[in-house]
Amino acid sequence: DIGLSKAFYHQTPAAYELTGLEDIRKMIRPRKKFAHKGQLGTALLMGGSRGLMGAAILAARACLRSGAGKLICRIPACGLDLLQVAVPEAICSVDANQDFLANHPGKLGAYNAIGIGPGIGKENYTRDLLQQMLQVRDIPMVLDADALNIIAEEGWQEQIPRGSVITPHVGEFSRLFGTSGDHFERISRAREFSTRLGIFILVKGQNSYLSTPGGMGYFNSTGNPGMAKAGSGDVLTGMLTGLLAQKYSVDEACRISVFLHGMAGDMAKMEHSEFGVIASDLIEKIGFCYLKVFTI
């Protein structure tokens, strides 16, 4: 304590906050004793293509570990056996195309959240499908990976549904919104596009930054360099989709998922070192993160 006025601190508005454990503890809702899967949300995860089914599997496992009541995975036919073996708890909706997603999944009214992107590739039919999905306006949506790359290449930034979450790493952010000279400029640019497009932009990295449509920004306080591995972003996409399916607000889902994602990485680091952590390790620690939130 260096003698700053407590009254001044609490009365002074700030555009940025650091999310900590106490913030997350206030947001996470304990399960009701008689809860059933129908009350805990149904998620649709659209992912995978030939050679990239691992991304969809990671996202699916993370979605279920995050607490979603039910998960439907929309995948190409080539991934059916892989996903049913790797994630037996997920329900598979198989696209007619053998190698990549090409066809609309049909009626969407049963879903509480939609995640699109892990491992989908950039085939022309997949691009057409993504453009159709960008017309969805009444279901919370998470866009990541090749969904973001397609949007950047096609110039569809203005078509992203308001209230959606996009989760670019620094390279994807540059492709979407232009190159930034430094991280400070990148944060300012994220804030600008969040407010203009009405979307949540989660810029992944050390102290990941969440920019909200209202102009507020949140830095995350968990995570470590061991998480800089292929697949970590797919895990975050699954967690986000799972929390949105449980009817958390978009703001809460973003802050909770990125905090627990980083906490899982910190736990995995203690077991495997920063060198040895892989994305699957994060998924195995998600449940322990919930325990830690409620017990510390």
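Use the structure listed above.
If you're wondering where the values come from, they're calculated on a predicted model, not measured in any experiment.

### Details of the pairing of strand 10 (residues 217–220)
Then, number 1: Where strand 1 (residues 16–19) and strand 10 come together, four bridges link them in parallel fashion. Residue pairing across strands places Leu18 opposite Phe219, the latter belonging to strand 10.
Then, number 2: Taken together, the three bridges between strand 9 (residues 209–211) and strand 10 define a ladder with antiparallel strand orientation. Across the sheet, the residue bridging to Leu210 is Tyr218, located in strand 10.
Then, number 3: Counted between consecutive antiparallel strands, the loop separating strand 9 from strand 10 contains five residues, among which Gly215 sits at a positive phi close to 95°.

### Concerning the sheet that holds strand 6 (residues 141–143)
Then, number 1: The ten strands are arranged 1-10-9-8-7-6-5-2-3-4 in an open sheet whose pairing can be described as mixed. Edge positions in the sheet fall to strand 1 and strand 4 (91–94), since each has one partner strand and no second.
Then, number 2: The sheet contact formed by strand 3 (residues 70–75) and strand 4 spans four bridges and is parallel. Among the inter-strand pairings, Cys73 is bridged to a residue of strand 4, identified as Cys92.
Then, number 3: Each of strand 2 (42–46), strand 5 (113–116) and strand 6 touches helix 5 (residues 124–133); the most contacted strand, strand 5, lies at about 155° to it.

### A word on the packing of helix 5 against helix 6 (residues 146–154)
Then, number 1: Packing of helix 5 against helix 6 brings their axes to within 11 Å, and their N-to-C directions diverge by 90°. Judged on the interaxial angle alone, helix 6 and helix 5 are roughly perpendicular. Contact with helix 5, carried on its side by Thr126, Arg127 and Leu130, involves Ala147, Ile150, Ile151, Glu153 and Glu154 of helix 6 and no other residues of that element.

### Topic: the side chain of Gln246
Then, number 1: Looking at the secondary structure, you find Gln246 in the loop between helix 9 (232–245) and helix 10 (250–276).
Then, number 2: Given the relative accessible area of 9%, Gln246 is considered buried.
Then, number 3: Within the structure, Gln246 has its side chain in polar contact with the side chain of Arg31 (distance 3.4 Å).
Then, number 4: Non-local contacts of Gln246, meaning those with residues more than four positions away in its chain, are made with Arg29, Arg31, Leu40, Ser66, Gly67 and Ala68.

### Considering the environment of Arg29
Then, number 1: Its place among the elements puts Arg29 in the loop between helix 2 (21–27) and strand 2.
Then, number 2: By relative accessible area, Arg29 is classed as partly exposed at 39%.
Then, number 3: A sequence separation of 126 residues divides Arg29 from Gly155, and the C-alpha atoms of the two residues are 38 Å apart.
Then, number 4: In this structure Arg29 touches Gln246, Lys247, Tyr248 and Glu252, once residues within four positions along its chain are discounted.
Then, number 5: Within the structure, Arg29 has its side chain in polar contact with the backbone oxygen of Gln246 (distance 2.7 Å).

### So, helix 10
Quick reminder: α-helices carry 3.6 residues per turn. Residues three or four places apart thus point the same way.
Then, number 1: Here helix 10 spans only 32 Å end to end across 27 residues, well under the 39 Å set by a 1.5 Å rise per residue.
Then, number 2: Of all bends in helix 10, the biggest is about 95°, found at Met270.

### As for the nonpolar core
Then, number 1: Ile28, Leu71, Leu83, Val165, Val235, Ile256 and Leu260 are the most contacted members of the largest nonpolar core, which has 57 residues in total.
Then, number 2: Examining the composition of this core, we find that eleven residues originate from one element, helix 10, more than from any other.
Then, number 3: In this structure, Ile116, Leu130, Ile166 and Tyr209 belong to the second largest nonpolar core, which totals 36 residues.

### Notes on the packing of helix 9 against helix 11 (residues 279–295)
Then, number 1: Running from amino to carboxyl end, helix 9 crosses helix 11 at an angle of 35°, the nearest separation of the two axes being 8 Å. For the crossing formed where helix 9 meets helix 11, the hand is right-handed. Touching Ser232, Val235, Met239 and Leu243 of helix 9 are Ala279, Leu282, Ile283, Ile286 and Tyr290, all from helix 11.
Then, number 2: Grouping the constituent residues of the contact of helix 9 with helix 11 by class yields eight nonpolar, one polar and no charged.

### Quick word on the pattern of salt bridges
Then, number 1: Taken as a whole and assessed by the stated rule, the structure comprises 14 salt bridges.
Then, number 2: Between Lys285 and Glu271 there is a salt bridge whose closest N-O contact spans 2.5 Å. Separated by 14 residues along the polypeptide, Lys285 in helix 11 and Glu271 in helix 10 bring together distant segments of the chain.
Then, number 3: Taken together, the shared-partner salt bridges connect Lys122, Arg127, Glu153 and Glu154 into one network.

### A short note on unusual backbone geometry
Then, number 1: A positive phi is found at Lys247, a non-glycine position, where the angle reads about 70°.
Then, number 2: With respect to the secondary-structure elements, Lys247 resides in the loop between helix 9 and helix 10.
Then, number 3: One non-glycine residue, Ser273, lies in the positive phi region at around 80°.
Then, number 4: Locating Ser273 in the fold gives a position in helix 10.
Then, number 5: Judged by relative accessible area, Ser273 falls into the partly exposed class, the value being 31%.

Calculation notes
Residues numbered from 1 in each chain as written. Predicted model: local features only at pLDDT ≥ 70, side-chain atom pairs only at ≥ 80, totals over all residues. Heavy atoms only, no water. Pairing = 2+ DSSP bridges. Helix = DSSP H or I, 4+ residues; strand = E, 2+ residues; numbered from the N terminus. Contact = heavy atoms within 4.5 Å. Axes fitted to C-alpha atoms, helices over the stretch in contact; angles between N-to-C directions. Parallel < 35°, antiparallel > 145°, perpendicular 65-115°, else oblique. Buried < 20%, exposed > 50% of the residue type's maximum accessible area, 1.4 Å probe, protein only. Polar contact = N/O pair within 3.5 Å; in protein donor to acceptor, adjacent residues only side chain to side chain. Expected span 1.5 Å × (residues − 1). Bend = angle between axes of the 7 residues up to and from the residue. Core = buried A, V, L, I, M, F, W, Y, C linked by side-chain atoms within 4.5 Å. Left-handed = near helix turned anticlockwise from the far one by under 90°. Nonpolar A, V, L, I, M, F, W, Y, C, P; charged D, E, K, R; others polar. Salt bridge = Lys/Arg side-chain N within 4 Å of Asp/Glu carboxyl O.

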